[in-house]
Every structure is written in C-alpha cells, then in structure tokens.
2 protein chains.
Amino acid sequence: MSRTLDEVAKSAGVSRSTVSRVINDHPSVSDETRAKVQAAIEQCGYRPNAVARSLATNRTNILGMVVPESVTKLFTDPYFPLMLRGATEACNRRGYHLILSLFTASVESSIMHDRIARSGYLDGLIAANASLDDKLIPGLFAEGIPFVNIGRHPDDRVNYVDVDNRGGARMATEHLVRLGHKRIAMIGGPADMTPAQDRLDGYLEVMSTHRLPASKGLIAEGDFTEAGGRAAMLELLAENPTAVFAASDSMAVGAVKAIRAQGLRIPDDVAIVGFDDIPSARTVDPELTTIRQPIERIGQLAVEMLINVIDGKAAEGNMAATQRFVLPTELIVRGSCGSS
Amino acid sequence: MSRTLDEVAKSAGVSRSTVSRVINDHPSVSDETRAKVQAAIEQCGYRPNAVARSLATNRTNILGMVVPESVTKLFTDPYFPLMLRGATEACNRRGYHLILSLFTASVESSIMHDRIARSGYLDGLIAANASLDDKLIPGLFAEGIPFVNIGRHPDDRVNYVDVDNRGGARMATEHLVRLGHKRIAMIGGPADMTPAQDRLDGYLEVMSTHRLPASKGLIAEGDFTEAGGRAAMLELLAENPTAVFAASDSMAVGAVKAIRAQGLRIPDDVAIVGFDDIPSARTVDPELTTIRQPIERIGQLAVEMLINVIDGKAAEGNMAATQRFVLPTELIVRGSCGSS
DNA sequence: TCCCTCCATGGAAGCGCTCTCAAGCCTATC
DNA sequence: GATAGGCTTGAGAGCGCTTCCATGGAGGGA
C-alpha cells in the first residue's frame, strides 16, 4: 500500500534522488532512466507521501477558508455554499486542498485562531467576509500568514476580492426611483460588515442625488437573515414607504412576509428589490427583482489570488504588492417591483 | 516565528525529548521540569509544527468530506451547508480539521480519487451521500482508508449514518391518508440514491396497507432540485391527484409552483408534503408540511463515528466492527395540507 | 591527444517531531 | 550498607521526502 521512495528506487535500480527527480519533473534525468523509473512507480503503485513532502518543502498545498463567528450564522444562506463551491473548484484545478473552518459558538475563538493560523498545515487562507472588528485579520498579519479577504477592508495591506456593492445598491435604488417611487426605505445589514456599509452608501447616494428623503425612519438594520428582514420591515411599515431596498435577498424574503402579514400587496402597495440573486429570489411570489453578484466567481478568484500571493511570497521572500479585485453586479428585473 | 523544539529545549536547558513529553502531556516529567519547559514554550511563542508531527506519528488529524459528482449539484441545497456545519462543529470539538472535496465537472474524477484517497493527508473520510453506483466506495475499500458514508449502503462492511427515510415517508403518507386523501401521488428522487429508494418504499408501503392506488402514473421521478420537482409535478397533474408527497422540500417548492401555474390551490385542490424541513419550507406560501430530519446531527455523527473508526483501527490494527446509526425523523405539520 | 565543461546520477544532510532504549539518580527494603 | 526498583531524563534513530554537493563519464574545442 504505502510504498516509499527507497523501494521504488531499489526496484528501478537507481537512487532515491533520481526517483524524486522523476516525480517532480526535474529536467536533468535521461529519458531512458525516466522511463525505467516511471515503470517502477507504476508497478509498485507508488504515490508520494504528501506529509513527508510537505515537511521537506515547507509547502502543504492546503488552503484554509475561515468563516468568522460574525457570519457563521449566515452559513445556511445559499451565498456560502456557492462561494465555497467556486473556491473548491478553483482548488481542484490548481491542485490544492481546502480546509474549512467555521467558527462556532462551541469553541473558544482564541483556540480556533491558534489552531488555524499556527497549525502549520496551511499555506495561506481565505477570510470569508470578516467584519471590521474581527480580530482575525490583525491576527493573520501578526502571524505573517498569506491571506485574502472576501470583501474590501480598509487596511491597505489586505488583499481582497469584493463585488461592487455600492454600484449594485445604486442600481437597485435607481430602479425604484425610475419607477416613480419617492418614499424608498432600506433594510440594511449589520453596520460592522463592509458589504452592508457599501450597500447603504449606494442607497444614500442615489436618494440624495434625487433629493429624496432618507431619514432615519426609512432605514432599518437587519442581520442578513430572513427573520431579521421581517422584523426590520415591520418597523419600516410605520413610515408608509412605497418601496424597499433590502440589502440581501434573504432579508427581502422576510420583508415580503412582513408586508403580506399587514395585508399589503406586492408590488402594488410596496415594491421591493433584493440583493444577491440567490435561488429563493425566484421561489417567492412575486419573484424578486434583485442585484446579482457572481458568487461562485468570488470564491474562485479568492483562491487564485491567494495562490498568487503564496507563490509571490515564496519567490520574493516577502509579500508582493497588494492585490485587489472588484467584481461587477447586475440588476435582474422580476416581478417584485411591478413592470419596469 | 516558527521556532523549533530544539530551540525551546535549549532555552529551557533540557533535551528535545523532554520538551516533546511536556507538549504531549506525557506523565513522566517532574513538575519542576514541566513548569520550566512550559515557561520556555510560552516565552518563545513556540507551537509544534503539525506537519513534522504528522510525519512522525502517521496521523494528520485531518478528515476529508467527499461530495461525489452525483450529488454536487445539490450542494446549494441547504442540506449540505447544514450537514457540513454539523461536521465542522464536531471536528472543532475533537481537534480535527476538515478538508472539503467537491467533485466538479472540471476535474477528471479519477484524478480526484487519487488526490483524495492517496494524498496521505487524510486520516479518514466521510462520503457524503454517495449513490450506489459511485465508484468512490469500492475505491476506498481498495485503498483501505477508514471512512463513513452518509446514507445507508448495502455493502455490509460500510459504516454509515442515515436517517429513517422510510419511516419518514410513511409518516408523510399516513398524514395524507388520515386527511382523507385517496389519490396520493409521489415525486421521488433519483433511483440510484438510497434516500430516494427508501422514501419511495415508505410511500408504497403505506399506500398498499390502505389499499390505495400507487400506479405508475402517480409516481414521477425528480432529481431533488426545484426545477425537477416542478417538471415532475406537471406530469403528475395529468392524473388528478388530490395530494402529493415530494421526497424533498426543494422538489416540493417546485411542485407548488407547478400546481399554482395550473391555477390550482394549495391545499384545497392539492395537498402537499415535503421532506427535509429546510428553511425555505417556511418561505413558500402556504408553509410546507414536511418531514424533519436532523441534518446537522448527521454531519456531527459522521465525524464522531469516523474518529472512532480511525482510533479503533489504530488500536487494533484492523477495522473494528461495522458501525451504523439511523436517526429518527419527525412530521412537521404546517399549512400545505390543510388543517390536520 | 589533452583538458575543460556539461549532464546525469548518487550520497547525504536535513525538514521538526516522536519514541524506544539506556542511563542516572534516588528511595525503600532487607 | 548494599541492592532492587521506580522515576526522570537524554541520546539517537527514524518518519519519507527534497536538494545541495560531489562524482564520474561523455563530448567538444584547441
């Protein structure tokens, strides 16, 4: 089963070094020897031991994806699976493995940090939507671990991939304005998460451009969950908005329920736009007009960038220039706002 | 940053062996020495190198979760995230890491098999709902890798954790019978997946007990997705069922749409029961009566069992007795069947 | 024909840790 | 006071691989 280099070497009649060279595609091996060794490898059913290799090379080809506690509860949202799928797909293509770490309440987060950051198993890691006050990112800097954040981060040493949240929010709000709405409310996300901030900013920008009211009462904070959206909408309804922009589809779904619960119709009484374009945007009735973001692509890009960072670091002995990527969003018009 | 045992040893004025003993909580170290070493460890900021340790112990404390190609497309279903969350949580508690491998179309599956099974990084793995004709399980036996399957498997060497799919299906169907339905249709899952088989069996059992028709026309095969459920329901509608049991909530959601599209009302014209109790079971209108399964628990249990298997193997030098676990399901009554 | 260079290969020293074995010391027992 | 046994500790041999360095042989230029 688990044969070693030596055995293959013996069987091929060459030295261990030579077998190693063949395995690593080192150029200076004669074709003849190479063939002989290949045959021996084949015949022994040999596979290099990844752990030993890692010890020698100081590279594991394992990346970590850390989902901080602040967003763990969102894990059941279709957002994460999709992002994760993109990431694993990119890992597959690039010959990496992905270790998933969810911070859950059951484990002291300092322990998790330790285990993750210092286990020595990871070549680098992806911080999935760490919020601004997560201690994760400072910790990673302190440890000197290559990482990429998903979502922008003000620290300008941070590599990140983000989507154009602000632009998306602008499109959403503009769409409602274009439909003639004046009292447009917004259900935002947690203030410490940058996507929430950016989406709010986009909304405010458009409202102000059109000199529309965006008073305190028209803005409610949700937590990106359906229940949160529902609760927020209930508050907002007191202000009689004719339209709402929800910073996530999950919250929009909750809002739809709240609106219905008040006996109001969508889109006739209240129009609504979401954000994300998760599958359930088309499950609700009416289907949700929303802002689509390329979720899988985010995961993919994060992996690609991280590998670049790691390679760069290996090559130069220190971090290369900060890398950043902002992906575009897209307005998807469906039934929840009435005809466009 | 990355200090070694030797440095700590030097700093504490003891040998490398002693430091190693302290780290591994070996009993035969005097309290005095232990304290001295602890202090040195603290002071150096030393953390053992996991890779080196793994090489020496032949244990990585990494588990793999493999999602075969046959079910990868279901990954966006809330089922997987929940199961995954359960699994990672158990891993955290037990001090393990979890590598996630999704088979995606972009990578040759034989390569994936190789990478997964023989990388040497994994102490064992969890096969997530491998269908009967996946080559994954035979491959794992061939390699002698400890593993646990999620979902029953006919090979009686296979360790698995499953839910009582058949019992759940029985409850669902019984519920409809109790409500007076006679023409009860079923939307099944792919025939090669055991949960689909078991749910179908449960349905057939109840139908036959009550001498109700369960003709070919009343049974349609979906693929566990919403789109599949919708298509299946469209077929079934030709048979004028008054009730439907869908083998998954996603399919039930699709069925709801198909029913609505025909201008029929739920539950008045057609009652519907789902399976899983995923969050969107409560997003649709009316909320879905369904069979709840303890999804997170499945992931947790799979991890616990796997660790047992691994430990057992290490202790005895060969596989311990086959381990199996079947978790109960529960009927959740909501609006989609009318009043109970 | 001789010397230098280049290429293919082997030898051996690690990578950082664990763990067996042996040695040293101390206490208890007779 | 001598011996046996227990408790601590250190030395060193790996775990399986990579990689630097040295070696030997072949080929080319003078």
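Please read these numbers as outputs of a predicted model, since none were measured by experiment. (Residues numbered from 1 in each chain as written. Chains lettered and ligands numbered in written order. Predicted model: local features only at pLDDT ≥ 70, side-chain atom pairs only at ≥ 80, totals over all residues. Heavy atoms only, no water.)

Q: Where do I start with the packing of helix H9 (residues 165-178) of chain A against helix H10 (residues 194-209) of chain A in this structure?
A: To describe two helices that pack against each other, one gives the angle between their axes and the distance between the axes. Residues and elements named next belong to chain A. Where H9 meets H10, the closest approach of the two axes is 7 Å, and the angle between their N-to-C directions is 40°. In terms of orientation, H9 lies oblique with respect to H10. Read as a crossing pair, H9 and H10 show a hand that is right-handed. Residue-level inspection shows Asn165, Arg166, Ala169, Arg170, Thr173, Glu174 and Val177 of H9 in contact with H10, the latter providing Pro195, Asp198, Arg199, Asp201, Gly202, Tyr203, Glu205, Val206 and Met207. (Axes fitted to C-alpha atoms, helices over the stretch in contact; angles between N-to-C directions. Helix = DSSP H or I, 4+ residues; strand = E, 2+ residues; numbered from the N terminus. Parallel < 35°, antiparallel > 145°, perpendicular 65-115°, else oblique. Left-handed = near helix turned anticlockwise from the far one by under 90°. Contact = heavy atoms within 4.5 Å.)

Q: Hey, could you run me through the protein's contact with DNA strand C in this one?
A: Near DNA strand C lie 26 residues; those nearest to it are Thr18 and Thr33 of chain A together with Leu5, Ser20 and Tyr46 of chain B. Close to the protein, within 4 Å, the atoms of DNA strand C belong to sugar or phosphate groups at a rate of 60%. Separating a base nitrogen of DNA strand C from a side-chain N or O atom of Ser17 of chain B is a distance of 3.4 Å. Residue assignment for the surface near DNA strand C shows that the elements contributing at least two residues are helix H2 (16-23) and helix H4 (50-57) of chain A together with helix H2 (16-23) and helix H4 (50-57) of chain B. (Near = heavy atom within 4 Å. Polar contact = N/O pair within 3.5 Å; in protein donor to acceptor, adjacent residues only side chain to side chain.)

Q: What exactly am I supposed to notice about helix H8 (residues 136-143) of chain B here?
A: Given 3.6 residues per turn, any residue in an α-helix points the same way as the ones three and four places further on. Residue and element names in this part refer to chain B. When we look at burial in H8, the residues that qualify are Leu136, Ile137 and Leu140. Across the axial projection of H8, the buried residues extend over an arc of 95°, all falling on one side. The first or second residue beyond H8 is Gly144, which carries a positive phi of 75°. (Buried < 20%, exposed > 50% of the residue type's maximum accessible area, 1.4 Å probe, protein only. Arc of directions from axis to C-beta.)

Q: Can you help me understand the relation of the copies chain B and chain A in this one?
A: Turning one copy of the chain about an axis and sliding it along that axis gives the other copy, so a rotation and a shift relate them. For the pair chain B and chain A, the relating rotation is 180°, the translation along its axis is 0.0 Å, and the fit reaches an RMSD of 0.1 Å. On this basis, the relationship between the two copies can be described by a two-fold rotation axis. Within chain B, Ile99 of chain B has its C-alpha nearest the rotation axis, a separation of 2.2 Å. Most of the interface of chain B is mirrored in chain A: 100% of its interface residues are interface residues there too. (Least-squares fit on C-alpha atoms with pLDDT ≥ 70 in both.)

Q: Is there a simple way to think about the sheet that holds strand E8 (residues 243-246) of chain A in this case?
A: Two pairing modes exist for strands in a sheet, parallel and antiparallel, and in both the strands are linked by backbone hydrogen bonds. All names here are of chain A. With parallel pairing, 4 strands are arranged side by side in an open sheet as E7-E6-E8-E9. Either end of the sheet is taken by a strand with one partner, and the two such strands are strand E7 (219-221) and strand E9 (271-273). Mean inter-strand twist for the sheet, computed between neighbouring axes without regard to direction, equals 20°. Relative to E9, E8 runs parallel, the two sharing 3 bridges. Residue pairing across strands places Ala243 opposite Ala271, the latter belonging to E9. Sheet strands touched by H9: strand E6 (184-188), E8 and E9. Its angle to E8, the strand with the most contacts, is close to 170°. (Pairing = 2+ DSSP bridges.)

Q: Would you explain the domain arrangement of chain A in this entry?
A: In many reports, interface size means the accessible area that the parts give up when they come together. Residues and elements named next belong to chain A. Assigned domains of chain A: these are domain 1 (2-57), domain 2 (62-163 + 296-328) and domain 3 (165-293 + 331-337). The distance between the C-alpha centroids of domain 2 and domain 3 comes to 29 Å. Every contact between the two is made by 15 residues of domain 2 and, on the other side, 13 residues of domain 3. The contact between domain 2 and domain 3 buries some 1,300 Å² in all, and 54% of this surface belongs to carbon and sulfur atoms. The largest share of the area that domain 2 buries against domain 3 comes from Leu74, Arg152 and Val163, three residues that together contribute 35% of it. Run the count over domain 2 and domain 3 and you get 1 salt bridge. The closest approach of N and O atoms between Asp198 and Arg152, which form a salt bridge, is 2.6 Å. Here domain 2 and domain 3 share 5 residue pairs in polar contact (both at pLDDT 80 or more) between them. (Domains from an automatic or database assignment. Buried area = accessible area lost by both parts, 1.4 Å probe. Salt bridge = Lys/Arg side-chain N within 4 Å of Asp/Glu carboxyl O.)

Q: Sorry, what's going on with the nonpolar core here?
A: The nonpolar side chains of a soluble globular protein tend to be buried, and buried together. In terms of nonpolar packing, the biggest core is built from 156 residues, with Met65 of chain A together with Met65 of chain B touching the most fellow members. Discounting residues that sit within four places of it in the chain, Met65 of chain B has contacts with Met83, Leu84, Ala87, Leu98, Ile99, Leu100, Ser101, Ile126 and Ala128 of chain B. In terms of nonpolar packing, the next biggest core, distinct from the first, is built from 40 residues, Val51, Tyr121 and Leu140 of chain A together with Ile137 of chain B among them. (Core = buried A, V, L, I, M, F, W, Y, C linked by side-chain atoms within 4.5 Å.)

Q: Before we go on, may I ask you to explain the protein's contact with DNA strand D in this structure?
A: In the vicinity of DNA strand D lie 26 residues, with Leu5, Ser20 and Tyr46 of chain A together with Arg21 and Thr33 of chain B positioned nearest. For DNA strand D, the fraction of atoms within 4 Å of the protein that belong to sugar or phosphate moieties is 57%. Here a base nitrogen of DNA strand D and a side-chain polar atom of Arg21 of chain A are 3.4 Å apart. When contributions to the surface near DNA strand D are tallied by element, the ones reaching two or more residues are H2 and H4 of chain A together with H2 and H4 of chain B. Grouping the constituent residues of the surface near DNA strand D by class yields 9 nonpolar, 12 polar and 5 charged. (Nonpolar A, V, L, I, M, F, W, Y, C, P; charged D, E, K, R; others polar.)

Q: When you look at the pairing of strand E8 (residues 243-246) of chain B in this model, what are you seeing that I'm missing?
A: Every other side chain in a regular strand lies on the same face of the sheet, so the side chains alternate between the two faces. Residue and element names in this part refer to chain B. By the alternation rule, side chains of E8 split into Ala243 and Phe245 and Val244 and Ala246, which are all buried. Direction of pairing for strand E6 (residues 184-188) relative to E8: parallel, over a ladder of 4 bridges. If you follow Met186 over to E8, its bridge partner there is Phe245. Handedness of the crossover joining E8 and strand E9 (residues 271-273) through helix H12 (residues 249-261) is recorded here as right-handed. (Right-handed = clockwise from strand over helix to strand, strands pointing away.)

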